[in-house]
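The chain contents come next:
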Number of protein chains: 2
Amino acid sequence: MTVLQLRIHENLYIKDPQSSTLGKKIVAEAIKQIDLLGFEAFTFRKLSLAIHSTEASIYRYFENKHRLLIYLITWYWSWLEYRIQLVTQNLPEPTDRLKAVLKEITNRHQQDDSFPDIDENALNRIVIAESDKTYRIKQVDQYNEDGLFRGYKSLCSYLARLISEINPSYKYPHALASTVLEASTQQLFFAEHLPSLSEVSQSKDPYVSNYNFLQELIFQTIDTSA
Amino acid sequence: MTVLQLRIHENLYIKDPQSSTLGKKIVAEAIKQIDLLGFEAFTFRKLSLAIHSTEASIYRYFENKHRLLIYLITWYWSWLEYRIQLVTQNLPEPTDRLKAVLKEITNRHQQDDSFPDIDENALNRIVIAESDKTYRIKQVDQYNEDGLFRGYKSLCSYLARLISEINPSYKYPHALASTVLEASTQQLFFAEHLPSLSEVSQSKDPYVSNYNFLQELIFQTIDTSA
DNA sequence: GTACGTTGATAGTAATACTATCATAAATCA
DNA sequence: TGATTTATGATAGTATTACTATCAACGTAC
């Protein structure tokens, strides 16, 4: 299988971690540790010890641990968009495309051999647990200006365009798209940790149940027959 | 106007801040500072300086700043539920009740004279900016066991019951309730900081636009005519 | 073979999130 | 009134974090 690389916005790193062995080790181990410890308890010191490197070296790749998190989450959204393109290529009907997109978004992902350095499954868990932390910060406006959220915004506007294609008169395609995207991870988080907030928790396969919930939500909302 | 008090889960504080002058000052100033600085930059040291007290004294009320945040956000959800009860009292039709509830949830709140110590407007901004931080933590399961999220869960299940009343066959009342509750603050956050993620940002009054978006979302989703 | 770029080693700093101890003033109770 | 809790303040101290700075060593490229 061909090994691929995703282009990640250059403001997210100081030195491209995909360009060196150490960079790849930093990213791979960061995914492991954030998944395991949670973002708060994760530190560059722990990371440096695990890969037998130093804090100073890691700082040469990432300005701080928060930018590293945004880098990882952005990588995930970009990867999702790439997979969505693959999956929707041969679907002429926008309705089918939307369903396929939702399937992909709510999928419990396995290792993607096109990107051998990244553990997509662990990254998926990180997205579920930590993705909000990318933008729920005081500096959100500055970060946004610097283009750090383009990965997420790109995916969201793709979804919004698809919604508009199906129902051009629907007034809130972007709001619906962002709501569904957010809910897609939120409901899984609730299912695991605050089960009384979502029926998804009672299902044998929460991922499938999540898909059903969101599919109904989106199609009912933009349904023109009403 | 009668001055009221909300009962907040006792695990959220060490000593009830509503029981003393210092306690009230801590809460009032914390709201000001978190609103102004954001939760990350907010510290007990800054807070203690502002109210001419000491860190040690604040620690006698709250175990740490995170629990103080949960206390504030819980206060807000409980207050919302209290207001919702007022507003829905005389509405026999569940459809009218749901609309009134949504109006209340999406309202840009003003000072409530029944609670003179709390700046509801600032607290509303804190909820929009920081509410996720209450539960997006590694200790979420322990916190949940300790009952720290009952305020939010109570509001969510109220909404879910209302949804079920309108459409008893709808399969995801809690998931829809939590999605709408989350979206109600999220969309306002996006409108202000990441406007391309929501049409709500383009409206003259984002609060009204947010209401319209959510109202349509919820009623279309549980509509039985389809 | 030299120059440059990458990494490692080490040290240091300001701030944070606490914990502990003791003194003092005020409120409570007998 | 006097004794005793109780609440707060004052002060000090600690481990950890999130960096920044400097210099040495190593390998590669020209």
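- The name recorded for chain A in an unreviewed UniProt entry is TetR family transcriptional regulator, from Marinoscillum furvescens DSM 4134.

## Regarding the packing of helix α5 (residues 94–105) of chain B against helix α8 (residues 150–166) of chain B
Residues and elements named next belong to chain B.
- Two numbers describe how α5 lies on α8: the axes approach to 9 Å, and their chain directions differ by 150°. Judged by the inter-axis angle, α5 sits roughly antiparallel to α8. For the pair α5 and α8, the crossing hand works out as left-handed. Seen from α5, the contacting residues are P94, T95, R97, L98, V101 and I105; seen from α8, they are Y158, L159, L162, E165 and I166.
- Its residues assigned to classes, the contact of α5 with α8 shows eight nonpolar, one polar and two charged.

## So, the pattern of salt bridges
- In total, this model carries 16 salt bridges over all chains according to the counting rule given.
- A salt bridge links E165 of chain A to R97 of chain A, with the shortest nitrogen-to-oxygen separation between them at 3.1 Å. Of this pair, E165 of chain A sits in helix α8 (residues 150–166) while R97 of chain A sits in helix α5 (residues 94–105), and the two are 68 residues apart along the sequence.
- The buried category is assigned to R97 of chain A, whose relative accessible area is 15%.
- Between D132 of chain A and R136 of chain B there is a salt bridge, with the nearest N and O atoms lying 3.7 Å from each other. One end of the pair, D132 of chain A, is in the loop between α6 (120–130) and α7 (140–145); the other, R136 of chain B, is in the loop between α6 (120–130) and α7 (140–145), on a second chain.
- For R136 of chain B, a relative accessible area of 3% gives the class buried.
- Salt bridges sharing common partners tie together E40, E130 and K133 of chain A.

## Focus on the protein's contact with DNA strand D
- Of all residues adjacent to DNA strand D, which total 18 residues, the nearest are N64 of chain A together with S53, S57, R60 and Y61 of chain B.
- Considering the 4 Å shell around the protein, atoms of DNA strand D inside it are sugar or phosphate in 56% of instances.
- A distance of 3.0 Å separates a sugar or linking oxygen of DNA strand D from a polar atom in the side chain of Y59 of chain A.
- Within the contact set of DNA strand D, a phosphate oxygen lies 3.0 Å away from a side-chain nitrogen or oxygen of S57 of chain B.
- Looking at the surface near DNA strand D, the elements with two or more residues in it are α3 (55–59) of chain A together with α3 (55–59) of chain B.
- In terms of residues, the surface near DNA strand D owes the most to one element, α3 of chain A, which gives three residues.

## Let's talk about the protein's contact with DNA strand C
- Neighbouring residues of DNA strand C: 18 residues in total, closest S53, S57 and Y61 of chain A together with Y59 and N64 of chain B.
- When the atoms of DNA strand C within 4 Å of the protein are sorted by group, sugar and phosphate make up 57%.
- Contact between DNA strand C and S53 of chain A: a phosphate oxygen at 2.3 Å from a side-chain N or O atom of the residue.
- A distance of 3.0 Å separates a phosphate oxygen of DNA strand C from a polar atom in the side chain of S57 of chain A.
- Of all the secondary-structure elements, those providing two or more residues to the surface near DNA strand C are α3 of chain A together with α3 of chain B.
- Here the surface near DNA strand C gets three residues from one element, more than from any other, and that element is α3 of chain B.

## Regarding the relation of the copies chain B and chain A
- You can overlay chain B on chain A at an RMSD of 0.0 Å; the transform is a turn of 180° with a shift of 0.0 Å along its axis. Taken together, these values place the two copies in the relation of a two-fold axis.
- With an isologous cut-off of 70% or more, the 100% of interface residues of chain B that recur at the interface of chain A puts this contact in the isologous class.

## Brief notes about the interface of chain B and chain A
- In this assembly, 52 residues from chain B lie in contact with 52 residues from chain A.
- For the pair chain B and chain A, the summed buried area comes to about 4,500 Å², and 55% of that belongs to carbon and sulfur atoms.
- When the buried area of chain B at its contact with chain A is split by residue, R136, Y172 and E199 of chain B rank highest and sum to 18% of it.
- There are two salt bridges connecting chain B and chain A.
- Here chain B and chain A share 31 residue pairs in polar contact (both at pLDDT 80 or more) between them.
- Ranked by residues supplied to the side of chain B that touches chain A, first place goes to helix α9 (residues 173–193) of chain B with 14 residues.
- Its residues placed into classes, the side of chain B that touches chain A shows 22 nonpolar, 15 polar and 15 charged.

Parameters at a glance
- Residues numbered from 1 in each chain as written.
- Chains lettered and ligands numbered in written order.
- Predicted model: local features only at pLDDT ≥ 70, side-chain atom pairs only at ≥ 80, totals over all residues.
- Heavy atoms only, no water.
- Axes fitted to C-alpha atoms, helices over the stretch in contact; angles between N-to-C directions.
- Helix = DSSP H or I, 4+ residues; strand = E, 2+ residues; numbered from the N terminus.
- Parallel < 35°, antiparallel > 145°, perpendicular 65-115°, else oblique.
- Left-handed = near helix turned anticlockwise from the far one by under 90°.
- Contact = heavy atoms within 4.5 Å.
- Nonpolar A, V, L, I, M, F, W, Y, C, P; charged D, E, K, R; others polar.
- Salt bridge = Lys/Arg side-chain N within 4 Å of Asp/Glu carboxyl O.
- Buried < 20%, exposed > 50% of the residue type's maximum accessible area, 1.4 Å probe, protein only.
- Near = heavy atom within 4 Å.
- Polar contact = N/O pair within 3.5 Å; in protein donor to acceptor, adjacent residues only side chain to side chain.
- Least-squares fit on C-alpha atoms with pLDDT ≥ 70 in both.
- Buried area = accessible area lost by both parts, 1.4 Å probe.

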